[in-house]
Amino acid sequence: MSRYSAFQLFVNAFTGHRSWPRAWRDPAPKPAYDVVIVGGGGHGLAAAYYLAKEHGITNVAVVEKGPIGLGNTGRNTTIVRSNYMFPQNHHFYEWSLKLWEGLEQDLNFNAMVSQRGVLGLFHSDAQRQVFARRGNSMRLSGIDAELLDRDQVRAFVPLVDLDNGRFPVMGGLLQRRGGTARHDAVAWGFARAADRRGVDIIQHCEVTGIRVAGNRVQGVETTRGFIGAKKIGLAVAGNTSRLAQMAGISLPIESHVLQAFVSESLKPMIDCVVTFGAGHFYISQSDKGGLVFGGNIDGYNSYAQRGNLPTVEHVWSAGVTMIPALSRVRVLRQWGGVMDMTMDGSPIICRTPVENLYIDGGWCYGGFKATPAAGWCHAHTIARDAPHEFNRHFTIDRFREGLMIDERGAGPSPWLQ
Amino acid sequence: MHRIDCPWCGVRDEIEFAYRGDATVKRPEAGAGVDAFYAYVYERGNPRGWHIEWWHHAAGCRQWIKVLRHTLTHEIRATAKAGDTVTAPKP
Amino acid sequence: MPVSAPEPRSPLVQALKPGRHGAVGARQVTLRAYRRSLVQLQARKGRAADLATAVRQGLGLALPPPGRAETSPTLAAIWIQPSAWLLCAPYLAEGDLARSVRAAVGSAGAVVDQTHGKSVLRLSGPTARAVLETGCRIDLHPRAFAPGQAAATPVGHIDCILRQLDNAPSYELIVASTLAEAFVDWLLHAAAAYGCEVLPPD
Ligand SMILES: Cc1cc2nc3c(=O)[nH]c(=O)nc-3n(C[C@H](O)[C@H](O)[C@H](O)COP(=O)(O)OP(=O)(O)OC[C@H]3O[C@@H](n4cnc5c(N)ncnc54)[C@H](O)[C@@H]3O)c2cc1C
Ligand SMILES: [Zn+2]
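Residues numbered from 1 in each chain as written. Chains lettered and ligands numbered in written order. Predicted model: local features only at pLDDT ≥ 70, side-chain atom pairs only at ≥ 80, totals over all residues. Heavy atoms only, no water.

### Some remarks on the overall build of chain A
When helices and strands are tallied, chain A shows 10 helices and 18 strands. Relative to the globule expectation of 22 Å for 417 residues, the C-alpha radius of gyration of chain A, 21 Å, shows essentially globular dimensions. Principal-axis analysis of the C-alpha atoms gives chain A an extent of 65 × 60 × 40 Å. Looking at the 417 residues of chain A, the share that counts as buried comes to 58%. Split by element, the accessible area of chain A, about 16600 Å² in all, is 53% carbon and sulfur. (Helix = DSSP H or I, 4+ residues; strand = E, 2+ residues; numbered from the N terminus. Rg over C-alpha atoms; globule rule 2.2 N^0.38 Å. Buried < 20%, exposed > 50% of the residue type's maximum accessible area, 1.4 Å probe, protein only. Areas by Shrake-Rupley, 256 points an atom, 1.4 Å probe, with all protein chains shown as cover.)

Put into structure tokens, the structure is as follows:
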């Protein structure tokens, strides 16, 4: 398979772009693999890619129940950032951002990574303190953060109504290296790169059981038969507790639905990602011109990939409060994705009580930005049977040990995380 | 759209309620030990199917009620007062 | 017991200017703020029957079941939650209603004065239902809601105790005083299309 390049683009133009080779194979499952990754979203594909690239493990299958990338990877609002408060999170998310920065060269795929800046607004003195503290905490770990005053916010996003009567804007915390990436391209890029290193990507193959003998995994039962595996990694966002239950493991996770919205295409009006600090709302603009926005989870257990109207109303009204110009914007599409909400809002990438079974899950609403590092750490944990320093804190045991990573301080109420 | 039949107030919109989670978890006896309390505080069945859950009618009668709801279809099959028993249909 | 201001001063005195608002037309509504003494009455544990008897004998009123209000010439009782009612009477003096209710119910119920805490409005006229329907999620159609019925439900995003008084139709709307100004702001917007006459406070 050839490398993508400007030259290839030029050559293929002569045949009307009809002779591009397929980007990845469509193999039938082999009877057994060294590693089976369940879930063909960005995380699962990234884990397979890094297993091959970093650890030389290429006898790997990614088993996906539908087509790849149509889970949360294809449903999210594509924000990429590393502006967390806690050191346990800093190094992991910063490593992810660094991987994003070199990802397109590494994968030879245009993932449209755009470091356009992520700005969170604050509306009170107390909130300013919290944001300043977060910014300082980031800078102490070597992550970029800037506290903007009102005038700087005005210059950065002119459309924000700084003086709205209820929630006047006092400033914002900016991470310039944050931004967006093209979600589908991330899945495709990892799929193509993994495939080129020998990974089998097996689509339309649902895992229905995990075979365990003597507390050690043997393989997965699927709709296309049993597939043997020395090691199994789960990357099934939203369904992690169901898959773990197949191996007899109970997790501190609830599945919840998060909605997102895209407007009609408009001329460029917002060239960054901006978050309202007084309600649940964030927005950016895609390269096609659609405004991409969302808010908080609906707030009840759900496996439905759709949400309900109260959240729609909440998100839109917060949006119009922040940017009054939005009141005339027409929304084209709206959808939902199912996410693992953990009891402290932080993820899980670790070994499990069952030998050779590993989990990458519990991403709540923030796992897209983590895609490269989660795959990288998951691969490391599988290959070495031990976590990397970056994911050392993301264990299941942290709940029992009282070492929660609760950025929001919401406690074990996943619907509030 | 969830329309929830409050046993006190009748059918009301979801927006009047605050979700309060899985209603099947039971607080263990004081001496039950760390594992029992860990399971009570953190572990959830998280079924894809029928779920018995608490909703607080915060903007109405202020009562916590039990709701039997399907997490895949969002169908609500039954509601009951907090002290009443609700059983989920067999899957 | 007076805690803050000796006299309940409704925030609506400022917010609700008497006169015409919105469209000029025949099918209009009237809006008026009422000065009321309010108490919340809650049965003590296991004393619901005693409380009902005490209220009937001492205040001349039957405590209503869920979703309903009962009235006597001087007093209204609105069911608000299990074993709890909001009692409402014309304001005479600070603490008047709480004192008389306490005297009537003795140890059968807990009495909390809400006079400062809540504000009372009435919206009345042929289009009153249409106005409320722009921000109220329960069915107010006559086949579903009639005089004597009451509901605690958000109206215009603000928690409200709503009861129908007559077939004009007239609705009584009781909201937290701290939110009354925002509530009236919303209500006047909702009523503008029909025309609204704000009457001087009662
Ligand atoms: C509306 C929305 C907005 C979001 N916005 C952001 C954002 O702006 N920034 C951010 O960082 N994160 C965001 N997220 C979160 C982010 O999308 C996820 O955390 C991330 O994409 C998870 O990646 P994944 O590869 O693990 O999941 P997925 O892409 O969902 O992949 C999991 C795959 O597992 C498959 N699967 C499930 N069960 C089985 C089975 N039994 N057998 C085989 N395959 C199975 C599914 O079909 C799916 O393809 C958002 C999420 C949503 C829903
Ligand atoms: Zn109720």
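### A few points about the sheet that holds strand β5 (residues 64–70) of chain B
All names here are of chain B. Strand order in this open sheet of four strands is β3-β4-β5-β6, and the pairing throughout is antiparallel. Single-partner strands in this sheet number two, and they are β3 (18–22) and β6 (76–81). The average angle at which neighbouring strand axes cross in this sheet is 30°, direction not considered. (Pairing = 2+ DSSP bridges. Axes fitted to C-alpha atoms, helices over the stretch in contact; angles between N-to-C directions.)

### Some words on the pattern of salt bridges
Residue and element names in this part refer to chain A. All chains considered together, the criterion is met by 35 salt bridges over all chains. Linking E94 and K98 is a salt bridge whose minimum nitrogen-to-oxygen distance equals 3.5 Å. Here K98 and E94 lie together in helix α3 (residues 87–107), a separation of four residues that amounts to about one turn. Given a relative accessible area of 6%, E94 falls into the buried group. Here R176 ties to E146 by a salt bridge, and the two come within 2.7 Å at their closest N and O atoms. Residue R176 is found in the loop between β6 (171–175) and β7 (179–180), and its partner E146 is found in strand β5 (residues 146–149); the two are separated by 30 residues along the sequence. With a relative accessible area of 27%, E146 lands in the partly exposed category. (Salt bridge = Lys/Arg side-chain N within 4 Å of Asp/Glu carboxyl O.)

### Concerning the side chain of C:S177
Residues and elements named next belong to chain C. Relative to the helices and strands, S177 is located in helix α5 (residues 177–192). Residue classification places S177 among the buried residues on the basis of a relative accessible area of 13%. A distance of 3.3 Å separates the side chain of S177 from the backbone nitrogen of K118, its partner in a polar contact. Sequence-distant contacts of S177, that is, excluding residues within four places in its chain, are made with P11, H116, G117, K118 and S119. (Polar contact = N/O pair within 3.5 Å; in protein donor to acceptor, adjacent residues only side chain to side chain. Contact = heavy atoms within 4.5 Å.)

### Remarks on the site of ligand 1
Residues and elements named next belong to chain A. Lining the immediate environment of ligand 1, one finds 36 residues, of which E64, N72, T73, T77 and K369 sit closest. Between ligand 1 and the protein, one listed contact pairs an oxygen atom with a side-chain N or O atom of T77 at 2.8 Å. Considered on its own, ligand 1 offers 1000 Å² of accessible surface; in the complex 97% of this is hidden by protein. Breaking the shell around ligand 1 down by element, the ones donating at least two residues are α2 (42–55), β12 (253–265) and β16 (331–342). Among the elements that line the shell around ligand 1, the one with the most residues is β12, at three residues. (Near = heavy atom within 4 Å.)

### Description of the environment of A:S250
Checked against the element boundaries, A:S250 lands in the loop between α7 (240–246) and β12. Under the relative-accessibility criterion, A:S250 is labelled partly exposed at 32%. A C-alpha to C-alpha distance of 25 Å links A:S250 and A:E389, two positions 139 residues apart in sequence. When near neighbours in sequence (up to four residues on either side) are disregarded, A:S250 contacts B:E43 and B:R44. Among the polar contacts made by the side chain of A:S250, one reaches the side chain of B:E43 at a distance of 3.3 Å.

### Considerations on the nonpolar core
Residues and elements named next belong to chain A. If you look at the biggest cluster of nonpolar residues, it comprises 49 residues, and the most contacted ones within it are I37, L45, Y50, F92, W100, F190 and V199. Take this core: its biggest share by element is eight residues, from α2. In this structure, this core is formed jointly by two domains, domain 1 (22–78 + 183–253 + 344–416) and domain 2 (106–180 + 264–339), each of which donates at least three residues. Discounting chain neighbours no more than four positions away, the residues touching F92 are I349, W363, A370, A373, A374, C377, F390 and F394. V217, A229, I249 and I396 belong to the second-largest nonpolar core, a separate cluster that totals 32 residues. (Core = buried A, V, L, I, M, F, W, Y, C linked by side-chain atoms within 4.5 Å. Domains from an automatic or database assignment.)

### Here we look at the coordination of the zinc ion (ligand 2)
Residues and elements named next belong to chain B. On the protein side, the zinc ion (ligand 2) has C6 (SG), C9 (SG), H57 (ND1) and C61 (SG) as donor atoms, found 2.0 to 2.5 Å from it. Considering all four donor atoms around the zinc ion (ligand 2), angles at the metal cover 102 to 115° and the coordination shape is tetrahedral. In the primary structure, the donors to the zinc ion (ligand 2) are separated according to the pattern C-x2-C-x47-H-x3-C. The same class applies to H57 and to C61, which are both buried. (Donors = N, O, S within 2.8 Å, 3.2 Å for Na, K, Ca; no water. Tetrahedral: all angles 85-135°; square planar, octahedral: opposite > 155°, others 65-115°.)

### Description of the pairing of strand β8 (residues 118–124) of chain C
All names here are of chain C. Counting buried positions along β8 gives five out of seven residues, so the element sits mostly inside the fold. Here β8 runs beside strand β11 (residues 170–176); their pairing, made up of seven bridges, is antiparallel. Bridge pairing links S119 to V175 in β11.

### Quick word on the domain arrangement of chain A
Residue and element names in this part refer to chain A. Per the domain assignment, the segments making up chain A are domain 1 (22–78 + 183–253 + 344–416) and domain 2 (106–180 + 264–339). Using only C-alpha atoms to locate each centre, domain 1 and domain 2 end up separated by 28 Å. Contacts between the two partners involve 25 residues from domain 1 and, on the opposite side, 22 residues from domain 2. In this assembly, domain 1 packs against domain 2 so that about 2000 Å² is buried in total across both faces, 54% of it on carbon and sulfur atoms. The tally of links between domain 1 and domain 2 comes to eight residue pairs in polar contact (both at pLDDT 80 or more). Elements that contribute at least two residues to the side of domain 1 that touches domain 2 include exactly α2, α6 (183–196) and α7. (Buried area = accessible area lost by both parts, 1.4 Å probe.)

### Some remarks on the packing of aromatic side chains
For any pair of aromatic rings, the description consists of the separation of the ring centres together with the inter-plane angle of the planes. Taken as a whole and assessed by the stated rule, the structure comprises 29 aromatic pairs over all chains. Relative to A:F394, the ring of A:F92 lies with its centre 5.2 Å away and its plane at 80°, an arrangement referred to as edge-to-face. Remark: A:F394 occurs in the loop between α9 (371–384) and α10 (397–401) and A:F92 occurs in helix α3; sequence separation between them is 302 residues. Look at A:F92 and you get buried, because its relative accessible area is 0%. On the basis of relative accessible area, A:F394 is assigned to the buried category, the value being 0%. On the basis of an interplanar angle of 85° and a centroid distance of 5.4 Å, the ring pair of A:W415 and B:Y19 is categorised as edge-to-face. Highlighted residues: A:W415 in the segment after α10 and B:Y19 in strand β3, drawn from two different chains. Taken individually, A:W415 and B:Y19 each receive the classification buried, so the pair is uniform in this respect. An aromatic cluster is present here, built from A:Y84, A:F92, A:Y93, A:W363 and A:F394 joined pairwise through their rings. One cation-aromatic arrangement involves B:K81 over B:W8; the distance from NZ or CZ to the ring centre is 4.1 Å. Taking NZ or CZ as reference, C:R122 lies 4.3 Å from the ring centre of C:Y34, over its face. (Phe/Tyr/Trp six-rings, centres within 6.5 Å; stacked < 30°, edge-to-face > 60°. Lys NZ or Arg CZ within 6 Å of the ring centre and 35° of its normal.)

### A word on the interface of chain C and chain B
Chain C puts 12 residues into the contact, and the matching count from chain B is 13 residues. For the chain C and chain B pair, buried surface summed over both sides reaches about 1000 Å², with 57% attributable to carbon and sulfur atoms. Interface area lost by chain C to chain B is led by C:P82, C:R137 and C:A152, which between them contribute 44%. Counting the contacts that link chain C with chain B gives one salt bridge. The residue B:D13 makes a salt bridge to C:R137 at a minimum N-O spacing of 3.6 Å. One can count two residue pairs in polar contact (both at pLDDT 80 or more) joining chain C with chain B. Listed by contribution, the elements that provide at least two residues to the side of chain C that touches chain B are β5 (76–81) and β9 (150–155) of chain C. The dominant element in the side of chain C that touches chain B, judged by the number of residues it contributes, is β9(C), at four residues.

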